[in-house]
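Below, each chain spelled out in residue letters.
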Amino acid sequence: DQQVKQNSPSLSVQEGRISILNCDYTNSMFDYFLWYKKYPAEGPTFLISISSIKDKNEDGRFTVFLNKSAKHLSLHIVPSQPGDSAVYFCAAITSGTYKYIFGTGTRLKVLA
Amino acid sequence: SQTIHQWPATLVQPVGSPLSLECTVEGTSNPNLYWYRQAAGRGLQLLFYSVGIGQISSEVPQNLSASRPQDRQFILSSKKLLLSDSGFYLCAWSPQGGYEQYFGPGTRLTVT
């Protein structure tokens, strides 16, 4: 049972445009969500997170939106840069537990 | 600042041989520690987590085990490797009371 889904395995965007990465979840007990960026043969790097008490969190070029009723979150990157090309994972967790559930990732390619 | 180390970076082992992967964290105390595995083209699967010395929780039944002999040291072991143990192994830490996880560089394990 895939509790966290990233249905787009890949995405290509022109440099300077917006990248939108999507993530859906099924477990309504999840109340904290995270996005990670991963380059090949490296560990994931934490990007941004959001608590379920918010619907938006912003950090520089990165914004995460949470729609609890739809069980959907998205990561917006504006403007996209070639260095953003990587695999992006979303993850979810229920507060008070330690079990993070990760999606399968979306490979973003930013074209110069 | 906090840093996390993992070694070795790559490892090729024959089926049936033992395994020991080590992870250490610097710059923090009493971290939560995690072992993940990423199989080719898949998301991150949580294998073990630890909230304190000697406290290990297993998420996936398998022939792997974990130990935490010191506060900032986490070890992943196996007595006899299987072909299916091949993958990219990642250690991570999170602060007590926080949810952001920080990953090490990973170990690429190939079982032949």
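Residues numbered from 1 in each chain as written. Chains lettered and ligands numbered in written order. Predicted model: local features only at pLDDT ≥ 70, side-chain atom pairs only at ≥ 80, totals over all residues. Heavy atoms only, no water.

Engineer: Outline the overall build of chain B, supporting the account with residue identities and numerical values.
Structural biologist: Looking only at helices and strands, chain B has zero helices and 11 strands in total. Reported as C-alpha extents along the three principal axes, the dimensions of chain B are approximately 40 × 25 × 20 Å. Going through the 112 residues of chain B one by one, you find that 49% of them count as buried. Considering only intrachain contacts with a sequence separation of at least 6, the fraction spanning at least 24 residues in chain B is 55%. Surface exposure of chain B reaches about 5,100 Å², of which carbon and sulfur atoms provide 53%. (Helix = DSSP H or I, 4+ residues; strand = E, 2+ residues; numbered from the N terminus. Buried < 20%, exposed > 50% of the residue type's maximum accessible area, 1.4 Å probe, protein only. Contact = heavy atoms within 4.5 Å. Areas by Shrake-Rupley, 256 points an atom, 1.4 Å probe, with all protein chains shown as cover.)

Engineer: For the interface of chain A and chain B, give the residues involved together with the corresponding values.
Structural biologist: With 21 residues of chain A at the interface, the matching set in chain B holds 22 residues. Across the chain A/chain B interface, buried area totals approximately 1,700 Å², and carbon plus sulfur atoms make up 62% of it. On the chain A side of the contact with chain B, Y98, Y100 and F102 of chain A bury the most area, a combined 37% of that side's loss. Counting every contact that joins chain A to chain B gives one salt bridge. Note that K99 of chain A is salt-bridged to E59 of chain B, the shortest N-O span being 3.3 Å. Remark: the boundary between chain A and chain B carries six residue pairs in polar contact (both at pLDDT 80 or more). (Buried area = accessible area lost by both parts, 1.4 Å probe. Salt bridge = Lys/Arg side-chain N within 4 Å of Asp/Glu carboxyl O. Polar contact = N/O pair within 3.5 Å; in protein donor to acceptor, adjacent residues only side chain to side chain.)

Engineer: Any details on the pairing of strand β6 (residues 56–59) of chain A? Residues and values, ideally.
Structural biologist: Taken residue by residue, a regular strand's side chains alternate between the two faces of the sheet. Residue and element names in this part refer to chain A. One ladder, built from four bridges, connects β6 with strand β7 (residues 62–67); its direction is antiparallel. Of the residues in β7, the one forming a bridge with K56 is F65. Between β6 and the antiparallel strand that follows it, β7, lie two residues; G60 among them carries a positive phi value of about 65 degrees. (Pairing = 2+ DSSP bridges.)

Engineer: Would you mind going over the state of the cysteines in detail, with residue names and values included?
Structural biologist: Applying the stated rule across the entire model yields two disulfides over all chains. Paired by a disulfide, C23 of chain A and C90 of chain A hold their sulfur atoms 1.9 Å apart. Here C23 of chain A and C90 of chain A share a disulfide; its torsion about the S-S bond, 65 degrees, makes the bridge right-handed. A residue pair is termed long-range when its members are at least 10 positions apart, and C23 of chain A in strand β3 (residues 19–25) and C90 of chain A in strand β9 (residues 86–93) qualify at 67 residues. Residue C23 of chain A is classed as buried on the basis of its relative accessible area, which comes to 1%. Each sulfur of the disulfide joining C23 of chain B and C91 of chain B lies 2.0 Å from the other. Looking down the S-S bond of the C23 of chain B and C91 of chain B bridge, the torsion is -75 degrees, so its handedness is left-handed. Taken together, the residues C23 of chain B in strand β3 (residues 19–26) and C91 of chain B in strand β9 (residues 87–94) connect sequence positions 68 residues apart. (Disulfide = S-S within 2.5 Å.)

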